[in-house]
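Spelled out from the first residue to the last, the chains are:
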Amino acid sequence: MGDSASAEQRAASLWPPALVGFAVALALRVGLIAKFGGNFSFDGFQRWAGRDHLLVQAWLPVTQGVITGVAALGGGVVAARVAMAVIAAGAVACGVVVAGRLGGRVAAWAFLVPACYGPFVVWGSALYQEGTFLLVLFGGLALALSGRWLLADLAIGLLGLVRYEGWPCVLLYVAWRRDPRVLVALWGIGAWLAIRYGLTLGGYHASPADFDDWEGMGQRTTLGSWAEDAARLFRSAFNSGAVSYVVAAIVGVATSWRRPGVLLLAAVGLAQMAAVSGWLAGLEVATYRMLVVPAIVAGLLGAVGAAAAWARFPDWLRPGLVLVGGVLVGVGLVDGWRLTRSEVWRIRDERQLHTMIVARPDCTWIVTPRTGLGTRARHDGCEVLQGLGAARHGDGFWCATWGPVPAGGGEACVAEAAWEGEQYEITYHGSSLSGVAPAPGAPAMVP
């Protein structure tokens, strides 16, 4: 009875930091959405353009299910981003609980530091799967560490439908449990194999762009190019504070490896780092987004390490530990602002064009887009336009490089937008042109 009461008290003591973590994480992400709004980055554009479909590209369906649900309820891009922010905030709350279970109340509060990690703040408010992945992972581990094994097994199994990088996590969890009943955790992987290959269902493609990161990788990537990208990624990890989380994680593992779940989390972190090394080869570029999952897993173990250091430090050294945490929070907040602003700035021309398309729905818009965008220079401005609002190719505008477009003529308003190297030049045809406001420097010509 005493042990049960003690466990309940420990669990109750984690509610305050979990609620604070949820509130802080949500406030940071909603703040970025309120300031910058809209959608960004090409996976996000594809996900929103495919909002009527549960299967998009070859991606796993859980995150897309959230976006599809928001769209079905009448929500737009901003509503979808808020939903993803709520999910990321839930991941933080679950991470606080896991940290508390592994390292006590100090570790729970310490996890609020990596919760402010800049790339996580950015990509946890975008239409991407990092927040979903971390919510399912930390939620499942929180259930497991509280002894709710069946719920934990089912939750961890959901990783098989969130992200391919989650499959090694499921297998590591199964090995860690060492119980035949844990095989139920393979349900997500089994379901996807049955859907994707048993039923041979393909994903919706919102554009002709090839999103297969692995195609031709052997011809595109060399050991030297991979090493250069890895060096760039390390510099980004150092500048963003991720290296500090890894150092703290090493302390956490060294001091607490006997506690159930610590070695499992360490193995999960190593598996995610291995996945990133393959990702580097596939994309041929180092991005801050690659750091999110490894850094947050390391940050959770680092919170355990910080708690161990707190217990061992004399009182006069503890303020230094708080100062380090404060510096990492500050770096994260600055990074989050900078990275979001950079992502929005990159598509400023398409955002301006999108505003013009929305302002003149009576016109047939024919767009010759900017090309050579995104990873491997394989994307174009039409993909951006589809990801910014309701318009899609054939419904709101036509992309001239994607296939046949209407010829136009007569009394109709036809607007041609063509990328001319520095901006979109807009040319209007027809007689229904009252109120047309061309982009700066763009001629409005009526033949």
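Residue positions within a chain follow its written sequence, with the count starting from 1. Where local features are concerned, this predicted model is filtered to residues with pLDDT of at least 70; where side-chain atom pairs are given and counted, the filter is 80 or more; whole-chain, interface and lining totals use all residues. Water and hydrogen atoms play no part in the side-chain values, which are based on all heavy atoms of the structure.

A. Broad picture of the overall build of the protein. What the protein contains, in helices and strands, is 19 helices and 7 strands. Within these notes, the globule rule equals 2.2 Å times the number of residues to the 0.38 power, and the radius of gyration is based on C-alpha atoms. What you see for the protein is a C-alpha radius of gyration of 24 Å, in line with the 22 Å of a compact globule of 447 residues. Projected onto the principal axes, the alpha-carbon positions of the protein cover approximately 85 × 55 × 45 Å. Three exposure classes are used, based on accessible area relative to the maximum for each residue type with a 1.4 Å probe and protein chains only: buried under 20%, partly exposed in between, and exposed over 50%. Out of the 447 residues in the protein, the part that is buried amounts to 50%. In this description, contact between two residues means that some pair of their heavy atoms is separated by no more than 4.5 Å. Pairs at least 24 apart in sequence give 71% of the contacts found in the protein among residues at least 6 apart. Total accessible area computed for the protein in this model is approximately 19,500 Å², and 66% of it derives from carbon and sulfur atoms. In this tally, Asp and Glu contribute negative charge and Lys and Arg positive charge; neither His nor the terminal groups of the chain are included. The atom standing in for a charge is NZ when the residue is Lys, CZ when it is Arg, CG when it is Asp and CD when it is Glu. Of the side-chain charges in the protein, 32 are positive and 29 negative, and the distance between the mean point of each set is 13 Å. Helix and strand assignments follow DSSP, with helices taken as H or I runs no shorter than four residues and strands as E runs no shorter than two, numbered in order from the N terminus. In these tables, accessible area is a Shrake-Rupley quantity obtained with a 1.4 Å probe, and a residue counts as shielded only by the protein chains included in the view.

B. The arrangement of the state of the cysteines in detail. Two cysteine sulfur atoms make up a disulfide if the distance between them is within 2.5 Å. For the structure shown, the criterion picks out 2 disulfides. Through a disulfide, C363 is tied to C413; the S-S separation comes to 1.8 Å. Measuring the twist about the S-S bond at about 70°, one finds the C363-C413 disulfide to be right-handed. Placement of the pair is C363 in strand β1 (residues 363-368) and C413 in strand β6 (residues 413-419), with a sequence separation of 50 residues. The exposure class of C363 is buried, given its relative accessible area of 5%. There is a disulfide in this structure between C382 and C399, and the S-S distance comes to 2.1 Å. A torsion of 90° about the S-S bond marks the disulfide between C382 and C399 as right-handed. With C382 in helix α19 (residues 381-386) and C399 in strand β5 (residues 396-399), this residue pair connects regions lying 17 residues apart in the sequence. Classification of C382 by relative accessible area gives buried; the value is 0%. C399 sits in the buried class, given a relative accessible area of 0%. Each bonded cysteine in the protein gets a number by its place in the sequence, and the pairs come out as 1-4, 2-3.

C. Up close: the pairing of β1. As paired elements, β1 and β6 share 6 bridges and run parallel to each other. If you follow C363 over to β6, its bridge partner there is C413. At least two DSSP bridges between two strands are required for those strands to pair. Pairing of β1 with β5, which is carried by 2 bridges, proceeds in the parallel orientation. Its bridge partner lying in β5, I366 is registered against W398.

D. View of the sheet that holds β1. Strand order in this open sheet of 5 strands is β4-β5-β1-β6-β7, and the pairing throughout is mixed. For this open sheet the edge positions go to β4 (392-393) and β7 (424-429), each flanked by a neighbour on one side alone. In this structure, β6 lies alongside β7, joined through 6 bridges in antiparallel fashion. Bridge pairing in β7 places A415 opposite Y428. Packed on one face of the sheet, helix α18 (residues 348-359) meets β1, β5, β6 and β7 and runs near 20° to β7. Fitting a line to C-alpha atoms yields each axis, with helices limited to the stretch in contact; the angle taken between N-to-C directions then spans 0 to 180 degrees.

None of the figures reported here should be taken as evidence of function without further support.
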